[in-house]
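Close look at the chain arrangement
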Amino acid sequence: MSYRLKDFGSFHVGGRRVETSDLPKRFLSYTPAAAEMELDPNGVYWIEQAYVQFFIPEHHGDRLPIVFLHGGGLTGASWETTPDSRSGWLNHFLEFGYPCYVVDQPERGRAGFSVLPDTLEGDAISRPLEEAWTRFRFGELDGFATRTPYPGCDFPVDYLDAFGRQFVPRWTTTRGMHLAGFRDVVAHIGNCIVICHSQGGDAAHVVASERNDLVQAVVALEPSAFSPDLSDKQLSGQRYLYVFGDYIDRSPFWVDLQQKAIANAEALKAAGADVTWLDLPAAGLAGTSHMIMMDKSSAQSAQMVRRWLAGG
């Protein structure tokens, strides 16, 4: 990578203030060397905030900042480094000259999650590697134990365990706080481009349709959720790029989602948006998985997105 940073840092944004009372006190030691002390858990807390890390290249000209939004059970680390230690999309787009903002949504990563009573509904779930192997289209389940992927698979399957170390707990009941968190992120950053992946497509599409004054373009890598009703939206001037990988026809789950993405693209067009569809195998990147930003061809797919952003 050959870029210099003008600035970098991080911030938390959004969330809500809660105050607890009537919770029982208890005694504990915070470290092995510390004396036991009384903990009173009653008081003021901030929960449901988003975390954002930013990187500003020295020479970015008039390029809009890119906001990276991760998928389900993952964090902003998805964009930083691939499981086999190649540069991630964060580094590629910094090298292209874009200011970059990497989000950890509420209840993920450094945004943290609340352990206070009655603040998170249901139980946390985690993704086993076997589910990732099939759901992300690396291969069939019977090839998991031997790490035998689909023929030509572009994901670095020899580093599957490194990928699994990125997985974090998630809840299926936190959509509202994800939408609120991303609304606050976009309002804080201002005019921007959003690059989202998988579950991140939900918040990206909703907020982009609400704040088309700020979100100038959306790059959706295999989104698994889409826009609300667009019948009353005027999205003229807003640009969308849908990016899908290989082996879609091997997964009824992804056949269904791709059809829904196509329908959503048509709805966006009807609302005035400029929509482009990028089929990576048809464009010469065969073997691409759901983890497009981690595949061996991730540098090439990043270049394709760069050209689209530049109007090419």
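Whatever comes next refers back to the structure up there.
All values derive from a computational prediction rather than experimental measurement. Counting from 1, residues in each chain are numbered in the order their sequence is written. Local features are withheld for residues below a pLDDT of 70 in this predicted model, meaning they are given only at 70 or higher, and side-chain atom pairs are given and counted only at 80 or more; totals for whole chains, interfaces and linings count all residues. To obtain the side-chain values, all non-hydrogen atoms of the structure were included, while hydrogens and water were left out.

Helix and strand content of the protein: 7 helices and 10 strands. Only the C-alpha atoms count toward the radius of gyration. The rule for a globule is 2.2 Å times the residue count to the power 0.38. For the protein, whose C-alpha radius of gyration is 21 Å, the value lies close to the compact-globule estimate of 20 Å for 312 residues. Burial here depends on accessible area, computed with a 1.4 Å probe over protein chains only, as a share of the maximum for the residue type. Under 20% is buried, over 50% is exposed, and the range in between is partly exposed. Within the protein, buried positions represent 53% of all 312 residues. Here the analysis covers contacts within the protein between residues at least 6 apart in sequence; of these, 73% occur between residues at least 24 apart. For accessible areas, the Shrake-Rupley method is used with a probe of radius 1.4 Å. Any residue's cover is judged against the shown protein chains and nothing else. A total of about 14300 Å² of accessible surface is found on the protein, and carbon and sulfur atoms cover 49% of it. Between the centroid of the 27 positive side chains of the protein and the centroid of its 38 negative side chains there is a distance of 4 Å. The secondary structure listing takes helices from DSSP runs of H or I that are at least 4 residues long and strands from runs of E that are at least 2 residues long, numbered from the N terminus. We call two residues contacting when some pair of their heavy atoms lies within 4.5 Å. Under the counting rule used here, the positive set is Lys and Arg, the negative set is Asp and Glu, and His together with the chain ends is not counted. Charge placement uses NZ in Lys and CZ in Arg. For Asp and Glu, CG and CD serve respectively.

In this section: the nonpolar core. Phe68, Trp89, Phe93 and Phe163 are the most contacted members of the largest nonpolar core, which totals 46 residues. In terms of residues, this core owes the most to one element, helix α7 (residues 298-309), which gives 5 residues. Those residues in contact with Phe93, other than ones at most four positions away along the chain, are Ile66, Phe68, Tyr98, Cys100, Ile195, Ala302, Val305, Arg306 and Leu309. If you look at the next biggest cluster of nonpolar residues, it comprises 42 residues, including Ile56, Leu214, Leu230 and Leu235. Nonpolar cores are built from buried Ala, Val, Leu, Ile, Met, Phe, Trp, Tyr and Cys residues. Side-chain atoms within 4.5 Å join them into one set.

Before going further, it helps to spend a moment on helix α5 (residues 200-210). When you tally the buried positions in α5, you get 10 out of 11 residues, the bulk of the element. Where α5 is concerned, the buried positions are Gly200, Gly201, Asp202, Ala203, Ala204, His205, Val206, Val207, Ala208 and Ser209. The inward-facing, buried residues of α5 contact β5 (66-69), α4 (175-189), β7 (192-197), β8 (215-221), β9 (239-244) and α6 (252-270).

Once that is clear, we can look at α4. Spanning 15 residues, α4 covers 21 Å between terminal C-alpha atoms, matching the ideal 21 Å at 1.5 Å per step. For α4, every residue scored as buried is listed here: Met177, His178, Leu179, Gly181, Phe182, Val185, Val186 and Ile189. Phi turns positive, to about 90°, at Gly190, one or two residues after α4. What a helix is expected to span follows from its residue count: subtract one and scale by 1.5 Å.

The next point concerns unusual backbone geometry. Of note, Arg137 is a non-glycine position whose phi angle comes to about 65°, a positive value. Checked against the element boundaries, Arg137 lands in the loop between α2 (129-135) and α3 (160-164). For Arg137, a relative accessible area of 0% translates into the label buried.

Our focus in this paragraph is the packing of aromatic side chains. We describe a pair of aromatic rings using the distance from one ring centre to the other and the angle between the two ring planes. Planes of paired rings set the category: under 30 degrees apart is stacked, over 60 is edge-to-face and the rest tilted, where pairs are Phe, Tyr or Trp rings (Trp by its six-membered ring) whose centres lie within 6.5 Å. Considering all chains together, one arrives at 21 aromatic pairs under this definition. Between Phe11 and Phe54, the aromatic rings sit 6.1 Å apart at their centres with planes inclined by 35°, giving tilted as the arrangement. Here the residue Phe11 occupies a position in strand β1 (residues 5-19), and Phe54 occupies one in strand β4 (residues 44-57), the gap between them amounting to 43 residues. Residue classification places Phe11 among the buried positions, given a relative accessible area of 14%. Ring centres of Phe244 and Trp277 lie 5.1 Å apart, and the angle between their planes is 5°; this geometry places the pair in the stacked category. Remark: Trp277 occurs in strand β10 (residues 274-279) and Phe244 occurs in strand β9; sequence separation between them is 33 residues.

Our next topic: the pattern of salt bridges. What counts as a salt bridge is simple: a side-chain nitrogen of Lys or Arg found within 4 Å of a carboxyl oxygen of Asp or Glu. Under the counting rule described, the total for this entry stands at 13 salt bridges. Among the ionic pairs, Glu48 bridges to Arg16, the shortest N-O distance being 3.0 Å. Of this pair, Glu48 sits in strand β4 while Arg16 sits in strand β1, and the two are 32 residues apart along the sequence. For Arg147, the salt bridge identified is with Asp161, shortest N-O distance 3.2 Å. Highlighted residues: Arg147 in the loop between α2 and α3 and Asp161 in helix α3, separated in sequence by 14 residues. Judged by its relative accessible area of 42%, Asp161 is partly exposed. Members of the salt-bridge network, linked through shared partners, are Arg127, Glu131 and Arg135.

The subject of this paragraph is the side chain of His178. Structurally, the position occupied by His178 is in helix α4. Residue classification places His178 among the buried positions, given a relative accessible area of 6%. For this analysis, a polar contact is any N or O atom pair within 3.5 Å, provided that within protein one partner can donate a hydrogen and the other can accept it, and provided that sequence-adjacent residues contribute only side-chain to side-chain pairs. In this structure the side chain of His178 is engaged in a polar contact, spanning 3.1 Å, whose partner is the side chain of Glu107. For His178, the residues in contact, after removing those within four places along its chain, are Gln105, Pro106, Glu107, Arg108, Gln199 and Ala203.

Next up on the list: the pairing of β8. Here β8 lies mainly inside the structure; 6 of its 7 residues are buried. Strand pairing is assigned whenever DSSP identifies at least 2 bridges connecting the two strands. Relative to β8, β7 is paired through 6 bridges, and the arrangement is parallel. What sits directly across from Ile195, in β8, is Val219. We call a crossover right-handed when, viewed with both strands directed away from the observer, the connection leading from the first strand over the helix to the second proceeds clockwise. Viewed along the sheet, the connection from β7 through α5 into β8 turns out right-handed. Bridge count between β8 and β9: 5 bridges; the pairing is parallel. Bridged to Val219 within β9 is Leu241.

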